[in-house]
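# Observations on chain architecture
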Amino acid sequence: EHVFYRTIEIFLANKHDYWIGSCEWTVERYAKSGIDRNRLFLSYYGTDVDNFVANNPIDLKAQLSLPQETQLIGMVAYMYAPKKYLGQSRGLKGHEDLVDAVAILKEKYPCLKLLFIGGQWGEATDYFEQVSQYSKEKLGDDAILLGSRSDVLDLYHNLTMAVFPSHSENVGGAVESLLMNVPTITSNVGGFPDLVKENQTGLLVPAKSPFLLAKAIEKYLNEEQIRLKHAEAGHKLASKLFDVKYTAREIIQIYIKILEIDTIK
């Protein structure tokens, strides 16, 4: 995405180089940078969609001694520290934005709790502690940080909705949440719109906009039938776009096409 790295990549490419973007945003970004569309292809990353089941569902509300009426707003993502040399002041995944959004809603919805699943990425221990402290300051005990887990698929059914307010992303965790039939809200960046179709398979909000994110969360809180309908439609779309049996065949066809083009050259 960054102009410096993009310029170097394109400068080092030659006539035998082709690109397979894993979302429409990536393909369009290369096209805008002057890459001929005959050298650009689209294929989503393959996933064994049959594996997305909860084998041993965990009752988090019971485990955490929460009332059954608790509404859990969940985010499943590693915590990436801001890259200050790129001008970032908040983490790439938008954890702080979600904290701010839930804080806006807390007074009106006292049964609301924020659940972060995922620890720090790499050496970002200080940033993990920073997010933890910020969450506690804004939400107190209504912020729950589970850290890294190996049983994520067994936790999804506890969520009223999954939220991914990333500042930059491909399709990210939205694939996983929708394959698990969980209503999903994302920022309107990168590849998210390929899967999260506004008011069809989920809700989209501008990145770095806690107030608008709060409004989207509130919409889902108040309209259970709509959020479940979106989740069902999102599950169908994710199962189609990301099925590795389909994407593998797609990649083969792309390779064949590239060989044909390169042979003609």
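Residues numbered from 1 in each chain as written. Predicted model: local features only at pLDDT ≥ 70, side-chain atom pairs only at ≥ 80, totals over all residues. Heavy atoms only, no water.

### A few points about the pairing of strand S3 (residues 71-76)
Counting buried residues along S3, five of its six residues qualify, which places the element largely inside the surrounding structure. As defined by bridge partners, S3 adjoins strand S4 (residues 112-117) across six bridges and the pair is classed as parallel. Each bridged residue has a counterpart across the sheet, and for Gln-71 the counterpart in S4 is Leu-112. Regarding topology, helix H4 (residues 95-105) serves as the crossover connection from S3 to the parallel S4, and that connection is right-handed. (Buried < 20%, exposed > 50% of the residue type's maximum accessible area, 1.4 Å probe, protein only. Helix = DSSP H or I, 4+ residues; strand = E, 2+ residues; numbered from the N terminus. Pairing = 2+ DSSP bridges. Right-handed = clockwise from strand over helix to strand, strands pointing away.)

### Quick look at the environment of Gly-46
Tracing the backbone shows Gly-46 in the loop between strand S2 (40-42) and helix H3 (60-63). A relative accessible area of 40% places Gly-46 in the partly exposed class. Between the alpha carbons of Gly-46 and Val-163 there is a distance of 22 Å; along the sequence they are 117 residues apart. Other than its neighbours up to four places away in sequence, Gly-46 contacts Phe-242, Val-244 and Thr-247. (Contact = heavy atoms within 4.5 Å.)

### Some words on the packing of H4 against helix H8 (residues 210-222)
The N-to-C vectors of H4 and H8 enclose an angle of 60 degrees; their axes lie 8 Å apart at closest approach. Our classification of the angle between H4 and H8 gives oblique. Taken as a pair, H4 and H8 cross one another with a handedness that is right-handed. Counted together, Asp-97, Leu-98, Asp-100, Ala-101, Ile-104 and Leu-105 of H4 and Pro-210, Phe-211, Leu-213, Ala-214, Ile-217 and Glu-218 of H8 form the full contact between these two elements. Of the residues assigned to the contact of H4 with H8, the class counts are nine nonpolar, no polar and three charged. (Axes fitted to C-alpha atoms, helices over the stretch in contact; angles between N-to-C directions. Parallel < 35°, antiparallel > 145°, perpendicular 65-115°, else oblique. Left-handed = near helix turned anticlockwise from the far one by under 90°. Nonpolar A, V, L, I, M, F, W, Y, C, P; charged D, E, K, R; others polar.)

### Describing the nonpolar core
Among the nonpolar cores identified, the biggest contains 33 residues, and Leu-115, Tyr-156, Leu-195 and Phe-242 are the most heavily contacted of them. Elements supplying a minimum of two residues to this core: S3, S4, strand S5 (143-147), strand S6 (161-164), helix H6 (174-179), helix H7 (192-195) and helix H9 (224-241). Here this core takes four residues from H6, the largest share from any one element. Counting residues in each nonpolar core, the second largest holds 30 residues, with Val-163, Ile-185, Ala-216 and Ile-217 among its members. (Core = buried A, V, L, I, M, F, W, Y, C linked by side-chain atoms within 4.5 Å.)

### Focus: the side chain of Ser-177
Position of Ser-177 relative to the elements: it lies in helix H6. On the basis of relative accessibility, which here comes to 0%, the residue Ser-177 falls in the buried class. Not counting residues within four places of it along the chain, the set of residues in contact with Ser-177 comprises Tyr-156, Ala-162, Phe-164, Val-182 and Thr-184.

### Digging into the pairing of strand S7 (residues 184-187)
Going residue by residue along S7, you find Thr-184 and Thr-186 tucked away on one face and Ile-185 and Ser-187 tucked away on the opposite face as well. As judged from the three bridges shared by S6 and S7, these two strands associate in the parallel manner. Bridged to Val-163 within S7 is Ile-185. Chirality of the crossover, the property in question, places the unit of S6, H6 and S7 among those that are right-handed. By the bridge criterion, three bridges tie S7 to strand S8 (residues 203-205) in an arrangement that is parallel. Bridging across to S8, Ile-185 finds its partner in Leu-203.

### Points about the packing of aromatic side chains
Using the criterion set out here, one finds six aromatic pairs in the structure. Judged by centre distance (5.1 Å) and plane angle (65 degrees), the ring pair of Tyr-78 and Trp-121 falls under edge-to-face. Taken together, the positions of Tyr-78 in the loop between S3 and H4 and Trp-121 in the loop between S4 and helix H5 (125-139) put the pair 43 residues apart, joining distant regions of the chain. A residue is classified by how much of its surface remains accessible, and Tyr-78, at 41% relative accessible area, is partly exposed. Looking at Trp-121, the relative accessible area reads 45%, which means it is partly exposed. (Phe/Tyr/Trp six-rings, centres within 6.5 Å; stacked < 30°, edge-to-face > 60°.)

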